[in-house]
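Chain residues, written in single-letter form:
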Amino acid sequence: MSRKFCVGGNWKMNGNKAEIAEICKGLTAGPLDPNTEVVVGCPAPYLSYARGLLPASVGVAGQNCFKVAKGAYTGEISPAMLKDIGADWVIIGHSERRQIFNESDELIADKTAHALAEGLKVIACIGETLQERESGQTEAVVFRQTKALANVIKDWTNVVVAYEPVWAIGTGKTATPQQAQEVHAALRKWFTENVSADVAASVRIQYGGSVTAANCRELASQPDIDGFLVGGASLKPEFIQIVNARQ
Ligand code: 3PY
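What you are looking at is a predicted structure, and each value in this text was computed from that prediction instead of being measured.

## Details of the overall build of the protein chain
Of regular secondary structure, the protein chain possesses eleven helices and eight strands. Against the globule reference of 18 Å for 247 residues, the protein chain gives a C-alpha radius of gyration of 17 Å, in line with a compact fold. Considered along the principal axes of its C-alpha atoms, the protein chain spans approximately 45 × 45 × 35 Å. Every one of the 247 residues in the protein chain was classed for burial, and the buried ones make up 53%. Considering only residue pairs separated by 6 or more positions, the protein chain has 73% of its internal contacts joining residues 24 or more positions apart.

This is the structure in structure tokens:
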């Protein structure tokens, strides 16, 4: 089953109107590989602004949302609100949310279920820490995180899984193409055994963690890597080269 390559930019808490206009100008000029789905994760206050500047072919994602539609949750944003201002995606469970804001597997699963029910597409992030990798727990950790999602997801059509080893985030260290492929293949096997062969064959698994123009091509050539979630480089012109990594 062919899986459309999907590249997300995770701008994190960066940018202002002038900088975002510049990034959107670059993305509009492209050229962007038409065989790649492109999504940018924009800070919430600028989602509507970015949506207005980007071509319709580029999706816009929130970087977080809450697990219910509305109510007394000061500071939170609901999927319905993200949709209302033009977002069609949301990134959930990024390691910065898990580590800095103590988000649990269960909360991430609840947010994912609610975002899907509200009609958003979800980039669901998983990944192990350096300590977990060094103690041989990589598979156990990513399988546990994926199981929490699988407990609540009935239809995986609108879910992209982003495997982002925590030790490769913001450190400049990238997993080697072999290290990344190994985990992606293990995840696909996990899907076969625990969800279904169809989902295993169709679900897109992005790699994230210090992806750059310099390392994207070799990573993109791995059979189970279906795209990237890109941090710092998504704020720079080189993001276009990453989108076009398969050309
Ligand atoms: C990174 O590459 O730093 C990321 O966190 C992508 O989400």
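Back to the text.
## Description of the pairing of strand β7 (residues 204–208)
One face of the sheet, then the other: side chains in a regular strand alternate in exactly this way. In terms of burial, β7 is a largely internal element, five of the five residues being buried. Because side chains alternate across β7, one face comprises the buried residues R204, Q206 and G208, and the other comprises I205 and Y207, equally buried. In this structure, β7 lies alongside strand β8 (residues 227–230), joined through two bridges in parallel fashion. Note that in β8 the partner of Y207 across the bridge is F228.

## Remarks on the packing of aromatic side chains
Per the counting criterion, the structure on display carries six aromatic pairs. Between W190 and F191, the ring centres sit 5.6 Å apart and the planes meet at 85°, which makes this aromatic pair edge-to-face. Using a relative accessible area of 8% as the deciding quantity, one classes W190 as buried. One aromatic cluster is present, formed by F143, W156, W190 and F191 through successive ring pairs. Taking NZ or CZ as reference, K17 lies 5.4 Å from the ring centre of Y49, over its face. One Lys or Arg, R97, reaches over the ring of F101 and ends 4.1 Å from the middle of that ring.

## Points about the site of the ligand
Around the ligand, a shell composed of N10, K12, H94, E164, I169, G170, G209, S210, L229, V230 and G231 is seen. At 3.1 Å, a backbone N or O of S210 approaches an oxygen atom of the ligand. Of the residues assigned to the shell around the ligand, the class counts are three nonpolar, six polar and two charged.

## Here's the deal with the pairing of strand β2 (residues 36–41)
Counting buried positions along β2 yields five of six residues, so the element is predominantly enclosed. As defined by bridge partners, strand β1 (residues 5–10) adjoins β2 across six bridges and the pair is classed as parallel. Counted as the bridge partner of G8 is V39 from β2. Handedness of the β1-helix α1 (residues 17–29)-β2 crossover: right-handed. One ladder, built from four bridges, connects β2 with strand β3 (residues 58–62); its direction is parallel. Considered in β3, the bridge of G41 is made with A61. With helix α2 (residues 47–53) bridging β2 and its parallel neighbour β3, the resulting β-α-β unit is right-handed.

## Some points on the confidence of the model for the protein chain
Across the protein chain, the average pLDDT comes to 97, with 100% of residues at 70 or higher. This prediction of the complex comes with two scores: 0.97 for pTM and 0.98 for ipTM.

## So, the packing of helix α7 (residues 138–150) against helix α8 (residues 177–194)
Packed helix pairs are specified by the crossing angle of their axes together with the interaxial distance, meaning the distance between the axes. α8 packs onto α7 with a crossing angle of 45° between their chain directions and a minimal axis gap of 11 Å. By the criterion of interaxial angle, the relationship of α7 to α8 is oblique. Crossing handedness for the pair α7 and α8: right-handed. Contacts from T138, E139, V142, F143, T146, K147 and A150 in α7 reach V183, A186, L187, W190 and F191 in α8. Of the residues that constitute the contact of α7 with α8, the class distribution is eight nonpolar, two polar and two charged.

Rules used throughout
Residues numbered from 1 in each chain as written. Predicted model: local features only at pLDDT ≥ 70, side-chain atom pairs only at ≥ 80, totals over all residues. Heavy atoms only, no water. Helix = DSSP H or I, 4+ residues; strand = E, 2+ residues; numbered from the N terminus. Rg over C-alpha atoms; globule rule 2.2 N^0.38 Å. Buried < 20%, exposed > 50% of the residue type's maximum accessible area, 1.4 Å probe, protein only. Contact = heavy atoms within 4.5 Å. Pairing = 2+ DSSP bridges. Phe/Tyr/Trp six-rings, centres within 6.5 Å; stacked < 30°, edge-to-face > 60°. Lys NZ or Arg CZ within 6 Å of the ring centre and 35° of its normal. Near = heavy atom within 4 Å. Polar contact = N/O pair within 3.5 Å; in protein donor to acceptor, adjacent residues only side chain to side chain. Nonpolar A, V, L, I, M, F, W, Y, C, P; charged D, E, K, R; others polar. Right-handed = clockwise from strand over helix to strand, strands pointing away. pLDDT = per-residue confidence, 0-100. Axes fitted to C-alpha atoms, helices over the stretch in contact; angles between N-to-C directions. Parallel < 35°, antiparallel > 145°, perpendicular 65-115°, else oblique. Left-handed = near helix turned anticlockwise from the far one by under 90°.

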